[in-house]
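# Fold and geometry: a report
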Amino acid sequence: MTSFDELPIRDDLRGLKPYGAPQAHVRVELNVNENTHPVPADVVDDIMRRIHVALGTINRYPDREFTALREALAGYLGHGLTAENMWAANGSNEVIQQLLQAFGGPGRSVLAFPPTYSMHSIIAAGTGTQWIPAQRDAEFEISPATAVAAIQAHQPDIVFFCTPNNPTGTPVSVETIAAAYDATEGIVFVDEAYAEFAPEGEPTALTLLEGRPRLVISRTMSKAFAFAGARVGYLAADPAVADALRLVRLPYHLSALTQAAAEGALAHTPAMLAMVDDIRGQRDRLVRELAVLGYTPYPSSANFVLFGGVRDPQDVFDKLLAQGIIIRDIGLPHHLRVTAGTEAETTEFLDALAALDGSINGAL
Ligand SMILES: Cc1ncc(COP(=O)(O)O)c(C=O)c1O
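Here is what the cut-offs are and how they apply
Residues numbered from 1 in each chain as written. Predicted model: local features only at pLDDT ≥ 70, side-chain atom pairs only at ≥ 80, totals over all residues. Heavy atoms only, no water. Helix = DSSP H or I, 4+ residues; strand = E, 2+ residues; numbered from the N terminus. Rg over C-alpha atoms; globule rule 2.2 N^0.38 Å. Buried < 20%, exposed > 50% of the residue type's maximum accessible area, 1.4 Å probe, protein only. Contact = heavy atoms within 4.5 Å. Areas by Shrake-Rupley, 256 points an atom, 1.4 Å probe, with all protein chains shown as cover. Lys, Arg positive; Asp, Glu negative; His and termini not counted. Charge placed at Lys NZ, Arg CZ, Asp CG, Glu CD. Pairing = 2+ DSSP bridges. Axes fitted to C-alpha atoms, helices over the stretch in contact; angles between N-to-C directions. Domains from an automatic or database assignment. Buried area = accessible area lost by both parts, 1.4 Å probe. Salt bridge = Lys/Arg side-chain N within 4 Å of Asp/Glu carboxyl O. Polar contact = N/O pair within 3.5 Å; in protein donor to acceptor, adjacent residues only side chain to side chain. Parallel < 35°, antiparallel > 145°, perpendicular 65-115°, else oblique. Left-handed = near helix turned anticlockwise from the far one by under 90°. Nonpolar A, V, L, I, M, F, W, Y, C, P; charged D, E, K, R; others polar. Core = buried A, V, L, I, M, F, W, Y, C linked by side-chain atoms within 4.5 Å.

Turning to the overall build of the protein chain, a few remarks are in order. Regarding its fold elements, the protein chain presents 12 helices and 12 strands. Over its C-alpha trace the protein chain gives a radius of gyration of 21 Å, about what one expects of a compact globule, namely 21 Å for 364 residues. With the principal axes as the frame, the protein chain shows a C-alpha extent of 60 × 55 × 55 Å. Taken across its 364 residues, the protein chain has 51% of its residues classed as buried. Of all intrachain contacts in the protein chain linking residues separated by at least 6 positions in sequence, the fraction that spans at least 24 positions is 73%. Summing over all exposed atoms, the protein chain offers an accessible surface of approximately 16,100 Å²; the carbon and sulfur share of this is 55%. The distance from the centre of the 26 positive side-chain charges to the centre of the 43 negative ones in the protein chain is 4 Å.

Quick look at the sheet that holds strand E5 (residues 158-162) now. Across the sheet, seven strands lie side by side as E2-E8-E7-E6-E5-E3-E4; this open sheet has mixed pairing. For this open sheet the edge positions go to strand E2 (86-89) and strand E4 (130-133), each flanked by a neighbour on one side alone. Within the sheet, the average angular offset between the axes of one strand and its neighbour, ignoring direction, is 25 degrees. Where strand E3 (residues 109-112) meets E5, two bridges bridge the pair, whose relative direction is parallel. Counted as the bridge partner of Val110 is Ile158 from E5.

One frequently used descriptor of interface size is the decrease in accessible area upon assembly of the parts. In terms of domains, the protein chain is made up of domain 1 (22-37 + 275-361) and domain 2 (41-267). Just the C-alpha atoms count here: the centres of domain 1 and domain 2 sit 26 Å apart. Taking both partners together, domain 1 and domain 2 bury about 1,600 Å²; carbon and sulfur atoms supply 57% of that area. Our count for the domain 1 to domain 2 interface comes out at one salt bridge. Here Glu200 and Arg280 are joined by a salt bridge, their closest N and O atoms 3.6 Å apart. Scanning the region where domain 1 abuts domain 2 turns up 11 residue pairs in polar contact (both at pLDDT 80 or more). Element by element, the count of residues in the side of domain 1 that touches domain 2 is highest for helix H10 (residues 276-292), at four residues.

The subject of this paragraph is the packing of helix H1 (residues 41-55) against helix H8 (residues 256-267). Axis separation between H1 and H8 bottoms out at 9 Å; the angle between their running directions is 150 degrees. Taken as axis vectors, H1 and H8 run roughly antiparallel relative to one another. Helix-helix and strand crossings are classified by hand; for H1 and H8 the assignment is right-handed. From H1, Ile47, Arg50, Ile51, Ala54 and Leu55 reach across to H8, where they touch Ala256, Leu257, Ala260, Ala261, Glu263, Gly264, Ala265 and Ala267. Here the contact of H1 with H8 is built from residues that sort into 10 nonpolar, one polar and two charged.

Below, the discussion takes up the nonpolar core. If you look at the biggest cluster of nonpolar residues, it comprises 100 residues, and the most contacted ones within it are Phe161, Phe307 and Phe349. Two domains each put at least three residues into this core: domain 1 (22-37 + 275-361) and domain 2 (41-267).

Bringing the sheet that holds strand E9 (residues 296-297) into the picture now. Pairing within the open sheet is antiparallel, and its three strands lie in the order E9-E10-E12. A strand with exactly one partner marks an edge of an open sheet, and here the two such strands are E9 and strand E12 (336-339). By the bridge criterion, four bridges tie strand E10 (residues 304-308) to E12 in an arrangement that is antiparallel. Each residue of the ladder has a partner; that of Phe307, found in E12, is Leu336. In the packing of H10 onto the sheet, the strands contacted are E9, E10 and E12, and the crossing angle to E10 comes to about 15 degrees.

Here's what the structure looks like:
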């Protein structure tokens, strides 16, 4: 067995680490920001029926344009969007990869504001796009002036935002996104994977799409829709963006089974999103109770909470895991991230954490 470094691999991939969230199947899984509520049984039945129908023609390639799915996605998002504005792939990770294949690549750069979703830089590396990290303001915020200054300093081809941001939960304002758009001639990409968990009435970047053909907004069915295993992500943008992605996507990239399942889930949107309010409630509870325990949680608009004040994150991670609870050490010193689960899961996590002696910075 040789290591990949000994193979004739691309020089720019040598020494890199793959995405590596631990995937332990334990009692309480609060590590990768999934929706921990299962899909309702009647929706599962309808999806099964649709998959059964799709299997009737599975000897044929699927609709390469996934037109019915794009129509359903546009209908779900609203904001005057139509199927022409939509694109989808196997998870928003693949959407982002296609975006960088079309608009990034060797000799091009993407500016981003870490700490942010770890796959953004990994996809940049995989597509040979230079990754330029820029500073955030205090409390992980990004003001319009901060974004514009970074763009002027680095002149990137693409600017990445993530709102609410993973792993911090921080929203990015539409003012910042609009200012960034005006400051660049490149693509402005906004990852809104957790948008459904944001407070009611918080404007999404979708409100900015009209008249901004270089603005691209991705969403996913993995989080609020409780559909992570189905692998369905999508974007909204000017129809020309979808045309550009047609140049790089593999033909028939969305299987007929995926399309049928996603259309089924979207046909039951209210039932699929019914748990979002509960999850928001558990998230707000995590923020309150982590503070009471002596940690320093950050306000979150997503379905997870980042908290600081942890003396030894690896130790806390290990001790919780030993009790069948997995959360996430995202590599920020003295911080951990936890997904808001069901009420029972959240209680288990908080009780187990409360019982750990000496885990709070300065507690001893
Ligand atoms: C900010 C962000 N974007 C995208 C994704 C990936 O989602 P998908 O399952 O659609 O590939 C995640 C998953 O954790 C995420 O946190």
